[in-house]
Each structure stands twice: as C-alpha cells, then as structure tokens.
Amino acid sequence: MKHIVKTYILLLFSLLVSSIGYAQEENDIIYIQEGEWGVILCGERGYTWLNNQGDTIFGFGKLLEISGDSDLNLVLAEKPNRKKGCFNMNGEIAIPFIYDKLGGFAKNGLACAAKDGKYGYIDKEGTTVIPFIYDDAHYFRKGMACVKYQGKYGCLNAKNEWLISPNYSEIKNWNDNWVLVNKNDKWAFYDKSGKQRTNFCYDKVIMASKGDDLVCFNGLGLVVKDGKFAYLNEKLQEVVPLGTFDSALPFKEYQMGIVEKQGKWGIIDSLGHFILPLEYDKIDYVSDYGSDYELFSLKKKGHIAVMSAKTKEKTEPCFLTFYESNRRVLEDGTFQNVYIAQNLENEYGCMDGQLNIVIPFEYSEIKPLDPFLIAAHGLSYGLINWQNEIVVDFVNDDIYYCQFDDLYILTGDTQAYIMDAKGNVLLPDKYERIHPVIGRKSFVVKMQDKVGVVMKDGEQIIPCEYDSISSWWEYGPSAHYVVKDKKVGIIDYIGKVLLPTEYDSLDYVTKDVVIVTKDSKYGAVDINNRLVLPFEYNDIRFDIEEWCATGYEYVRYIYVRKDKKYYKYDRETPIMEVMLQKSIIDKIFKNYL
C-alpha cells in the first residue's frame, strides 16, 4: 500500500511540475494524508483525493475538507456550501450532503450529525436512528452519548433511551469506565449504566492523557475537594487521603504521580508509596505533549537530574536544561524520542528516552531534525547527521529549516543558498538573503540590496527590484505586500501585479475594499485596482467588529471623513450619508485600532 501511495504521490508531483501554470493558478500542495482509501493532497483552495489506483476522485477546489474512515469504507467530506456528507470508496455519494455538522462513526455504527439547528444520529446508510431534536450532541463512547436537551445535559444509549436524565449543567463522557456529571458546580461519578456512584462533592476531577483519550484513571484518579487534593482508585476509594499533599499532578502513562508538600516535590506509585521522596525543588515531565511521558525532570539547587519512568533509573544532577525536541525516524521505520540537553559546561547534545547519548555534548546550540541536525560552534552554524558527521561546514551565520518543503536555507556573510534533505544545492548562492514564503513553495530573495521572489529551482516570480516584500500577510490576500521607492502595492503569488506601487500606504480589508492613500488623500480600490472611492478624503475606516463577524471577508459599510464631516458609505445601495451619531463616530474613528 505505501509503495503504491508513494508512486502516485510522485506521479502527481511530476504532473504538477510539468504543468506549472495549473499548479500556480489553482493550488500548491500543503500536506499529504494517506489512508486505506487512497491519498488526499491538501491545497489552499481545496483537496485532491486519489484512490489506490491513482485515479482522481475529486480535484482541487471541489471539496473544502475530506477525511477517510476505512473501517466503514466511507470518506467524510465538506462541500463549498459547508454541507457535509460521505462518499463510498468509488466516489459515489453514500450519505447526502445535507448536514451542517457530521462526526465520525462510533463502534455502534452511529455518527452524530446536525441540521436545521438540531442534533441527532445517523447510521452509515444515512438513515436517521436518533431523531434531530437535541441542542447539542457528542460521540458515542462505550454505548453512551452525551446530549443537550432543553438546555440541560444527559446521556443516551443507541436506542434513544435515557441512561442519565437531562437534568445537569455539564457532563463529561470520557473513554474509560466513568462519566463525570456536574450539578451546582460540584462533580459526581456515574458508571456507564447511568448509576450514580459518588455524591456531588468534588470541585474538580483532573483528567489525564492516555493515548489519544482523556481518562479519569491511569492507576489513580486526581480529585479536588474544598481546595484539597486526593487520589482515588478505580473503585473510587481514597488511596491518598485529602490534604496529604499541597498540590499534585494526574497520573500519566506509567502510573506515577508528581506530588508537592511545603515546597518540596516527590513521586508516588499507584499504591500511594513514594518512588522519590519529597526532597526536590521541582519535578515535572520532560515533555507534556507528543511523547509517552517517559522521562521526569528532577530539579535541585539549580541543577537537573533526569529519571526514566520505565526503568526508574536516573542520572546525576548534571544538566542545566533538558527538554524534548522531536521524534527521529530510525532505519527500521520506528520512532525514537530525542531530547536536547545542556550540561554544566553549557555544551549541548542529544539523548534518547533510555538516557543514552545520541549526539555528544560539544555544541553551543543544536536543533535535531531529520535527516540533518542544525548545530553551532560558537556563532557559526553547520549541519551534522545522526552519526555526528559534518554534512555542511560550520561557516554559516544562520541555518533555517523549511519544515513543509524539507529544505534548509543556509546564510553566510554575503551569500545564501538552499539545500534539500539529500544534500543537493537547489538555489545557487548568488543571493544575499533567502526567506521562505509561508505556505508556498517560493522564496523571497535579496540581491544587491533589492528583493524579489523565486521558486526553489531559481525560476523568477517577481524580479529583484523592490525594497521589501512580505513573506506572509495576516488577514491579507494570497499575495505579497511590496514596497518600491517608498510606494506600496500588491503582487500575487504568481507574479501578477494587483495594485501597482503607486500608493503611499494601504490597508487591505477584503478583495473588494483596499484602503489606500495617495498625495495625502485617502481613497479605496478593489484588489484589481478598480476605483471604489475617489482620493478626496482625510480618512477612511471600517468597522472591525463587522469585519471579524464576516470572517475577515466582507464589510458592507465604509466610513469616511472629509474636512470636519463624517459619512457612511453603503456599498450595497450605494448611498453616502452623513453621520451625526457621536458614539458611532467615536467607535469608528477615535477608538480605531
């Protein structure tokens, strides 16, 4: 399967490369998702879905969102009208696109869906099994689903029968044996049959991660009552009584809990016995994300020791910093957690989860990547491999890794170039600086103090004749903000000039409204430089609240000031009317951010 998938990925890339016009005008691939249902390539304007034979089921722009469920032979998708439904493996509609929301299918074959403002459940044929009468609804877990009905929460079974009646302000139905129910800001435990097992007495039940789920118990469960901590076993009995410790953390993968009393920290097991006594200034997990919590950081008197959760072995307190970086892919295809450590001599190296040294402690800085690591001797940067062999000499002022393209940008005193993960130089070193365009496969380059944009193979998109070019534009168009001779404009990602560099300033609102200034007067144009409002105003503003409410895509009203008078321009009418209400004038002009 993986061989087939990779073959068709390469085929599609070659097609895109051989048809540059299509690739640039339609889409650039941002990421690739593989599954038993084929390959999905995500781009800015939509998705392409290929089946396992390499046939295109859907092309760019026809779907906004797509994900597969190989167990049910269904592909969940969202069309441009925001309606959701499912296709079968042949691309035929299996569940009609009539739902505003549609979740994944649980083990009982039911999926939560929403339409016309109400929630219900359907089966894989699209048949309504539980009617659309609920205000909110969630995924079935172990035969139980939490729903909101007439403003209160309860839990149903697959027959639409109440297991927990809808009388509560909040319910957490996690993927273990217990359901948490809130009443008057207090929590109680219920079992999966809907039977109440404790009083409503807990202020908090602190959840723990277990794989992709949140659970109450990983050996012991942590609760808070009247500001005091306690640990419960799975029979809901107190193993560590309330008030034993001043603070505590939930049990993680290896059934150990971090506890604190009077400023000193230790670790206990699932019986409440000490693994490490209360003698450390701070204990924490080396990483609280992305790993299996395999290492503890033990801090005492400014130095750090590290303990393995698996073996309970620990190092001497010989580190100043110790933290997780990423995962390394080994030759057999498995993953290895990699940690960056700084020793007492301020030298950096890398260690694995078994506390073995992977990269020796001899660098002033290090950033583990695959296949090469960025490292530094003093202020000079180079690349090394996982055998600690030099790939690029330590002669660079900076090295930047482009994650999505798997490329390295290397910058020296006067020259910069791009290298791929195989060590091939892709962009020659004729440029002084190179910076990636965020979310694209192009780069802003500097040559003789002027900047332009090129592809990684050197193809010119925008000539090097500008003073500055943006590499990313928050809330802006899919284009570059450019400056030339103190004048500003907009050029799109394929090099088409949308707004020439003839304006003193610009404030992009939407593709239909760009507020610009020229010769000390304000006006407005659209993204294709067609005039919206003439250049005769002292100021032009828009309502930020309206702009945010439309997802930064549309504003109906434009507010202008001419001399000492204020006007509101209705783009839909279009009518320009005088503004007299001081509160609106203050909101738009005086309090404008």
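Cut-offs applied
- Residues numbered from 1 in each chain as written.
- Predicted model: local features only at pLDDT ≥ 70, side-chain atom pairs only at ≥ 80, totals over all residues.
- Heavy atoms only, no water.
- Phe/Tyr/Trp six-rings, centres within 6.5 Å; stacked < 30°, edge-to-face > 60°.
- Lys NZ or Arg CZ within 6 Å of the ring centre and 35° of its normal.
- Patch = residues over 30% accessible without salt bridge, like charges linked within 9 Å, V, L, I, M, F, W, Y side chains within 5 Å.
- Areas by Shrake-Rupley, 256 points an atom, 1.4 Å probe, with all protein chains shown as cover.
- Salt bridge = Lys/Arg side-chain N within 4 Å of Asp/Glu carboxyl O.
- Lys, Arg positive; Asp, Glu negative; His and termini not counted.
- Charge placed at Lys NZ, Arg CZ, Asp CG, Glu CD.
- Helix = DSSP H or I, 4+ residues; strand = E, 2+ residues; numbered from the N terminus.
- Buried < 20%, exposed > 50% of the residue type's maximum accessible area, 1.4 Å probe, protein only.
- Pairing = 2+ DSSP bridges.
- Axes fitted to C-alpha atoms, helices over the stretch in contact; angles between N-to-C directions.
- Contact = heavy atoms within 4.5 Å.

Observations concerning the packing of aromatic side chains
Taken as a whole and assessed by the stated rule, the structure comprises 25 aromatic pairs. A network of ring pairs unites the aromatic residues Phe319, Phe322, Tyr339 and Phe361 as a single cluster. Cation over ring: Lys115 sits above Phe132, and NZ or CZ is 5.0 Å from the ring centre. Lying across the ring of Phe200, Lys183 places its NZ or CZ 5.8 Å from the centre.

Observations regarding a negative patch on the surface
A cluster of like negative charges, contributed by Glu365, Asp397, Asp398 and Asp413, occupies part of the molecular surface. Following the sequence through the fold, Asp397 ends up in the loop between strand E40 (390-396) and strand E41 (398-402). Among the residues examined, Asp397 registers a relative accessible area of 37% and is labelled partly exposed.

As for the sheet that holds strand E29 (residues 274-280)
The 4 strands are arranged E26-E27-E28-E29 in an open sheet whose pairing can be described as antiparallel. Both outer strands of the open sheet, strand E26 (247-248) and E29, are each paired with one neighbouring strand and no more.

Examining the sheet that holds strand E25 (residues 238-240)
The strand order across the open sheet built from 4 strands is E20-E23-E24-E25, with neighbouring strands paired in antiparallel fashion. Edge strands, defined here as strands with exactly one partner in the open sheet, are strand E20 (204-206) and E25. Averaged over all neighbouring strand pairs, the angle between strand axes comes to 40 degrees, with direction disregarded. Across 3 bridges, the pairing between E20 and strand E23 (residues 221-225) is antiparallel.

Topic: helix H4 (residues 582-590)
Buried within H4 are the following residues: Ile585, Asp586, Ile588 and Phe589. Summarising the contacts, the buried residues of H4 are in contact with strand E57 (539-542), strand E58 (557-562) and strand E59 (565-570).

A few points about unusual backbone geometry
At the junction of Asp370 and Pro371, the peptide bond is cis and its omega measures out at 5 degrees in the coordinates. Tracing the backbone through its elements, the reader meets Pro371 in the loop between strand E37 (365-367) and strand E38 (373-377). The omega torsion across Thr573 and Pro574 is -20 degrees, close enough to zero to call that bond cis. Tracing the sequence through the fold places Pro574 in the loop between E59 and strand E60 (575-578). A positive phi is found at Gln150, a non-glycine position, where the angle reads about 55 degrees.

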